[in-house]
Amino acid sequence: MGEQPIYTTRAHVFQIDPSTKKNWVPASKQAVTVSYFYDSTRNSYRIISVDGTKVIINSTITANMMFTKTSQKFGQWADSRANTVFGLGFTSEQQLSKFAEKFQEVKEAAKMAREKSQDKVDIRSTRIDLNNDTFDFKDSGPSSPGSKQASSFNGTDDEKIFKVGPEMLLMKTEHESTAQQSSKWEAELQSLREKNSMLVEELQHASTNMDVCKKQVGACKEESDALRQKIAELELQCQEAAQEQQRNAELLGRVQQLEAELRDKHQEVENLRRQAEIIPQLMAECDNITSKLQVHTHTHTHTHARTHTHTRDEKSFNNVVCT
C-alpha cells in the first residue's frame, strides 16, 4: 500500500540557520500543510511538508527524537539525519498540543518497530553464530577414522549442536547477552548524543532569547524611567493646579464679598436718592408751616393788643365812674 497520511495540520515552517545555529529562517511564506505519513512496507514514520513543488520537511521519526514546546504556539525537533532543527508555528495552542501528542504516539510506534526489528536481527545472528560454531566443531577435530565415525554417528546438525560442550554454550550465551547489551548501550549513547545536541541547541536558543529579553528589559526600564519622570511632572502640575484652584476659590470668595458690599452700597445710595426726592416736599411743607405760623403769630399779637387796649379803657371808665 506504500505510505499513507495518518494526521494532517497546517503551520508555519521554520529551519534553524545553518551558519549561526541560533536564528530561525522561514521555510514557507505562509501556513502550509504538515502531515504524518506511515510506510507499512518499511514500518517507518515520516513528517512531510510541501510548499508548492518544494519539499521543505522530510523527516523520518526515530525513537530518540524529542518534540519540544518552546512557547504556547511554537514547537521544534532536531533531525540528526537531515542535520537541522525544524520549527512549527501554529495558530492556536490546541493545534500545537495535538501535534505534540501525535509526535509522541508516532515516536513510541517507531520505538516498538525498532525493537521488533532488533529482535529479529538478534535471532538471525544467533542462528548464524550457532551454525558457524557447529561447522568449526566439525572441522576442528582430528581427521581420524574415529572422528569421522563419530560425525556420521551424530547425524543431524541439531544433534551436533547438542554435543557442544557446556563451556562453549555458556560462552555463546554470554556473547549473545553482551551483544544485546552492547546494542542497547549504543542506542542509549546515540539517544544521549541526540539529547545533548538538542540541549545545546536549546541552550543556544535560550541564550539568544536571554539576550533579547535583556534588551527588552533595558528598553522597558528606560521607558519606565521616562514614565516616572512624566508622572513626577504631572504631579507637580497637579499641585500647581490645586494651588491655582485654591487661589481662584479665595478670589471668588473675595469677589462675592465685594459684590455683597456693592449691593449694600447700592441699597444705601437708593435710600439716599429716595430721601433726596422727599427733601423738597419736606422743605415746601416746612415753608408752608412756617408761613402759617407767622400768620397765626401776627393775628394773635394783634388780638392781644386790642384786648389790652379794651381792658385799659374799661379800667379808665370805671375809675371815672367811681370818682
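Each remark here, short or long, concerns the structure printed above.
Residues numbered from 1 in each chain as written. Predicted model: local features only at pLDDT ≥ 70, side-chain atom pairs only at ≥ 80, totals over all residues. Heavy atoms only, no water.

Chemist: Before we go on, may I ask you to explain the overall build of the chain in this structure?
Modeler: The number of helices and strands found in the chain is 4 helices and 8 strands. The secondary structure elements of the chain, listed N-terminal to C-terminal, are β-β-β-β-β-β-β-β-α-α-α-α. Within the chain, buried positions represent 20% of all 323 residues. Taking contacts inside the chain between residues at least 6 apart in sequence as the whole, the part at least 24 apart equals 53%. On the chain, roughly 24,300 Å² of surface is accessible, and the fraction owed to carbon and sulfur atoms is 56%. (Helix = DSSP H or I, 4+ residues; strand = E, 2+ residues; numbered from the N terminus. Buried < 20%, exposed > 50% of the residue type's maximum accessible area, 1.4 Å probe, protein only. Contact = heavy atoms within 4.5 Å. Areas by Shrake-Rupley, 256 points an atom, 1.4 Å probe, with all protein chains shown as cover.)

Chemist: Sorry if this is basic, but what is going on with empty space enclosed by the protein here?
Modeler: One water molecule sets the probe size; rolling that probe over the atoms shows where empty space is left. One pass over the structure, following the stated rule, counts 2 cavities of 30 Å³ or more. Space inside the largest cavity adds up to approximately 40 Å³. Looking at the largest cavity, the residues that line it are Ile16, Lys21, Trp24, Gln76, Val85, Glu201 and His205. Its residues assigned to classes, the lining of the largest cavity comprises 3 nonpolar, 2 polar and 2 charged. Taken as a whole, the second largest cavity spans an internal volume of roughly 30 Å³. Gln76, Trp77, Ala78, Val85, Met198, Glu201 and Glu202 are the residues that line the second largest cavity. Here the residues of the lining of the second largest cavity sort into 4 nonpolar, 1 polar and 2 charged. (1 Å grid on protein atoms, 1.4 Å probe; cavity = no way out; pocket = protein on both sides within 12 Å on 5 of 7 lines; lining within 4 Å. Points joined across faces, edges and corners; volume = space filled by probe spheres on them. Nonpolar A, V, L, I, M, F, W, Y, C, P; charged D, E, K, R; others polar.)

Chemist: Help me understand the nonpolar core, please; the structure alone is not making it clear to me.
Modeler: Most often, soluble globular proteins keep nonpolar side chains buried together rather than apart. Ranked by size, the top nonpolar core spans 24 residues in total, and within it Ile47, Trp77, Leu88 and Phe99 carry the most contacts. When residues of this core are traced back to their parent elements, those giving at least two are strand S1 (3-16), strand S3 (32-39), strand S4 (44-51), strand S5 (54-60), strand S8 (84-89) and helix H1 (93-140). With 6 residues, H1 is the single largest residue contributor to this core. With residues up to four places along the chain from it excluded, the contact list for isoleucine 47 reads Val34, Ser35, Tyr36, Ile57, Asn58, Ser59, Ile61, Trp77, Phe99 and Phe103. (Core = buried A, V, L, I, M, F, W, Y, C linked by side-chain atoms within 4.5 Å.)

Chemist: I tried to follow the packing of aromatic side chains on my own but got confused; where do I start?
Modeler: Geometry of an aromatic ring pair is reported as the spacing of the ring centres plus the angle between the planes. Taken as a whole and judged by the stated rule, the model has 12 aromatic pairs. Ring geometry for phenylalanine 67 and phenylalanine 103: centres 5.5 Å apart, planes at 40°, overall tilted. Residue phenylalanine 67 is located in the loop between S5 and strand S6 (68-69), and its partner phenylalanine 103 is located in helix H1; the two are separated by 36 residues in the primary sequence. We classify phenylalanine 67 as buried; its relative accessible area is 13%. In this structure an aromatic cluster arises from ring pairing among Tyr7, Tyr36, Phe67, Trp77, Phe86, Phe90, Phe99 and Phe103. (Phe/Tyr/Trp six-rings, centres within 6.5 Å; stacked < 30°, edge-to-face > 60°.)

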